[in-house]
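So you can see what is in the structure, the chains are spelled out below.
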Amino acid sequence: MRARGRSTRILKLVIGLILAAGLASGCGGAGGGDQGEGQTVTLRLSHQWPKATTEEGDFRSVLAERFAQEVEERTNGQVTIRIYPNASLVEPTEQYKAITQGALDMSVFPLDYASGEVPQFSITLMPAMVQSHAQAQNWKEAEIGRRIEEITQENGIKILTWIWNAGGIGVRQGDPVVSPDDVEPGAVARAAGPRVEQMLRRVGYSITSMPSSEIYNAMQTGVLDVAVTSASSFCSYRIYEVTDAYTSPTENTFWFMFEPLIIGTEQFEQLTPEQQRTFEEVGAELQQFAYEASEKDDAQCEQQFREAGVTVAHINDAAFEQWREASQPVWEDFAREVEGGQELIELARKVPTE
């Protein structure tokens, strides 16, 4: 991860350029709740995933394209969403800050990237807390889901579509990592999320932080020995080209990350009531696609690794219990250190697995 000072300077530069462009063009952000009849509004949606169409590509990018297309059609062109893929507008880890500061309107965003600003967000990437897609999909209607939506709203963002990704483990050279016993002490790993990193340090890894879009180069150059990220990112970024072994999440995984489609609450409130309903309806209609596509990606990615000649392994139930045991002290630290952390841990543990 780049130094915080440099990231802040880049963000400020981006904000200045966007605001200047908005003033010059007369459009800016959401356009204001008092917009007149027929007035158009353009929103900026940034994400780190490769560019896609409404039919092909990384499903998170596809979802963004479909959302933008549906909104434009249903509002008769009154609302346009301009999409900036590949982190071409804002750095991945800075997107939350950009939304809350008005330089960006929307994102498909890994929520735990913003845990430095909102520590409670780490509950959505707590190691070994979510074991399967079925359990992940139960969060939205459970009490933990309601608390997450409250916390996000209190901190300036609104969730439109829930997106969960299961994560695999890629090894640059050597054998697959299935259980903590397979960890090579001192090997450099990327995991995303401070609490997952904390757990991996406990089992022997050294840690470096970076967005998933930077993993390929880090593996290729030997900066990184092991990468933990979503199956979707493993394949979208072609990481199978730079790994010897891959642990697929199709059975169990200690890494499930929440990466919802979001809009800033201020930007949402500036839309007309009819436009707000359209946003909520389109987001809800894409929900099943998000769940099914994420699960489908796990199997497709595993096949791509096999076809690339990479050794593929799985975490069985016994190995998962070892990861969960290694994660327990991390849960306890979160409960003790984060305001409301104990409640969040208890609510998350109540979510049914099937």
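Rules used throughout
- Residues numbered from 1 in each chain as written.
- Predicted model: local features only at pLDDT ≥ 70, side-chain atom pairs only at ≥ 80, totals over all residues.
- Heavy atoms only, no water.
- Helix = DSSP H or I, 4+ residues; strand = E, 2+ residues; numbered from the N terminus.
- Contact = heavy atoms within 4.5 Å.
- Areas by Shrake-Rupley, 256 points an atom, 1.4 Å probe, with all protein chains shown as cover.
- 1 Å grid on protein atoms, 1.4 Å probe; cavity = no way out; pocket = protein on both sides within 12 Å on 5 of 7 lines; lining within 4 Å.
- Points joined across faces, edges and corners; volume = space filled by probe spheres on them.
- Axes fitted to C-alpha atoms, helices over the stretch in contact; angles between N-to-C directions.
- Parallel < 35°, antiparallel > 145°, perpendicular 65-115°, else oblique.
- Left-handed = near helix turned anticlockwise from the far one by under 90°.
- Nonpolar A, V, L, I, M, F, W, Y, C, P; charged D, E, K, R; others polar.
- Phe/Tyr/Trp six-rings, centres within 6.5 Å; stacked < 30°, edge-to-face > 60°.
- Buried < 20%, exposed > 50% of the residue type's maximum accessible area, 1.4 Å probe, protein only.
- Pairing = 2+ DSSP bridges.
- Disulfide = S-S within 2.5 Å.
- pLDDT = per-residue confidence, 0-100.
- Arc of directions from axis to C-beta.
- Patch = residues over 30% accessible without salt bridge, like charges linked within 9 Å, V, L, I, M, F, W, Y side chains within 5 Å.
- Salt bridge = Lys/Arg side-chain N within 4 Å of Asp/Glu carboxyl O.
- Lys, Arg positive; Asp, Glu negative; His and termini not counted.
- Charge placed at Lys NZ, Arg CZ, Asp CG, Glu CD.

(A) Quick peek at the overall build of the protein chain. Regarding its fold elements, the protein chain presents 13 helices and twelve strands. Put simply, 77% of the contacts in the protein chain that link residues at least 6 apart link residues at least 24 apart. Total accessible area on the protein chain stands at roughly 14700 Å², and carbon and sulfur atoms take up 44% of it.

(B) Quick look at empty space enclosed by the protein. Within this structure, the stated rule accounts for three cavities of 30 Å³ or more. Its boundaries defined by the atoms lining it, the second largest cavity holds a volume of some 40 Å³. Trp49, Arg60, Tyr113, Arg190, Ala192, Ser212, Thr229, Ser230, Ser233, Trp255, Met257 and Glu259 together form the lining of the second largest cavity.

(C) The packing of helix H2 (residues 59-74) against helix H10 (residues 273-285), seen in detail. Direction vectors running N to C along H2 and H10 enclose 140°, while the axes themselves pass 10 Å from each other. In terms of orientation, H2 lies oblique with respect to H10. By crossing handedness, the relation of H2 to H10 is classed as right-handed. Packed against H2, whose contacting residues are Phe67, Glu70, Val71 and Arg74, the element H10 presents Thr278, Phe279, Glu281, Val282, Gly283 and Glu285 at the interface. Its residues assigned to classes, the contact of H2 with H10 shows four nonpolar, two polar and four charged.

(D) The environment of phenylalanine 289, seen in detail. Within the secondary structure, phenylalanine 289 is located in helix H11 (residues 287-307). Excluding residues that lie within four positions of it along the chain, phenylalanine 289 makes contacts with Phe59, Val62, Leu63 and Arg66.

(E) Broad picture of the packing of aromatic side chains. Overall, the coordinates contain eleven aromatic pairs when judged by the stated rule. When the ring of tyrosine 240 is compared with that of phenylalanine 305, the centres are 5.7 Å apart and the planes differ by 80°; the resulting orientation is edge-to-face. Of this pair, tyrosine 240 sits in the loop between helix H8 (231-236) and strand E9 (245-248) while phenylalanine 305 sits in helix H11, and the two are 65 residues apart along the sequence. In this structure tyrosine 240 comes out as buried when scored by relative accessible area, which is 13%.

(F) Highlighting the packing of helix H5 (residues 143-154) against helix H13 (residues 341-349). The geometry of H5 relative to H13 is characterised by a closest axis approach of 8 Å and an angle of 140° between their N-to-C directions. By the angle between their directions, the pair H5 and H13 is classed as oblique. Across the interface between the two elements, Glu143, Ile144, Arg147 and Ile151 of H5 pack against Glu343, Leu344, Leu347 and Ala348 of H13. Taken together, the residues that form the contact of H5 with H13 break down as five nonpolar, no polar and three charged.

(G) Seen up close, the sheet that holds strand E3 (residues 106-108). The five strands are arranged E2-E1-E3-E11-E4 in an open sheet whose pairing can be described as mixed. Edge positions in the open sheet fall to strand E2 (79-84) and strand E4 (157-161), since each of these has one partner strand only. Neighbouring strand axes in the sheet, compared pairwise and without regard to direction, differ in orientation by 25° on average. Sheet analysis places strand E1 (residues 41-46) next to E3, joined by two bridges and oriented parallel. Following the sheet pairing, leucine 45 is matched in E3 by methionine 106. On the sheet, H2 packs against E1, E2, E3, E4 and strand E11 (261-264) and is oriented at approximately 160° with respect to E2.

(H) Representation of the state of the cysteines. Enumeration according to the criterion identifies one disulfide in this entry. A sulfur-sulfur distance of 2.2 Å marks the disulfide that ties cysteine 235 to cysteine 301. Here the S-S torsion is close to 100°, and the disulfide linking cysteine 235 with cysteine 301 is therefore right-handed. In this pair, cysteine 235 sits in helix H8 while cysteine 301 sits in helix H11, placing the two residues 66 residues apart along the sequence. The exposure class of cysteine 235 is buried, given its relative accessible area of 11%.

(I) Representation of the confidence of the model for the protein chain. Mean pLDDT over the protein chain works out to 91, with 89% of the residues at or above the 70 mark. Across residues 1-9, confidence stays below pLDDT 50; counting only partners more than four residues off in sequence or on other chains, it has eleven contacts. Counting contacts from residues 18-28, a segment whose pLDDT is below 50, to residues more than four positions away or on other chains yields eight contacts.

(J) Spatial organisation of H13. Here H13 has its buried residues at Gly341, Leu344, Ile345, Leu347 and Ala348. On an axial view of H13, the arc spanned by its buried residues comes to 165°, and they lie on one face.

(K) The arrangement of unusual backbone geometry in detail. At alanine 87, a residue that is not glycine, the phi angle is positive and equals roughly 55°. You can see alanine 87 is positioned in the loop between E2 and helix H3 (95-100). One non-glycine residue with positive phi stands out, namely alanine 128, at about 60°. Its place among the elements puts alanine 128 in the loop between E3 and helix H4 (133-138).

(L) Structural context of a negative patch on the surface. Together, Asp175, Asp181, Asp182 and Asp244 make up a negatively charged patch on the protein surface. Checked against the element boundaries, aspartate 175 lands in the loop between strand E5 (164-171) and strand E6 (188-190). We classify aspartate 175 as exposed; its relative accessible area is 65%.

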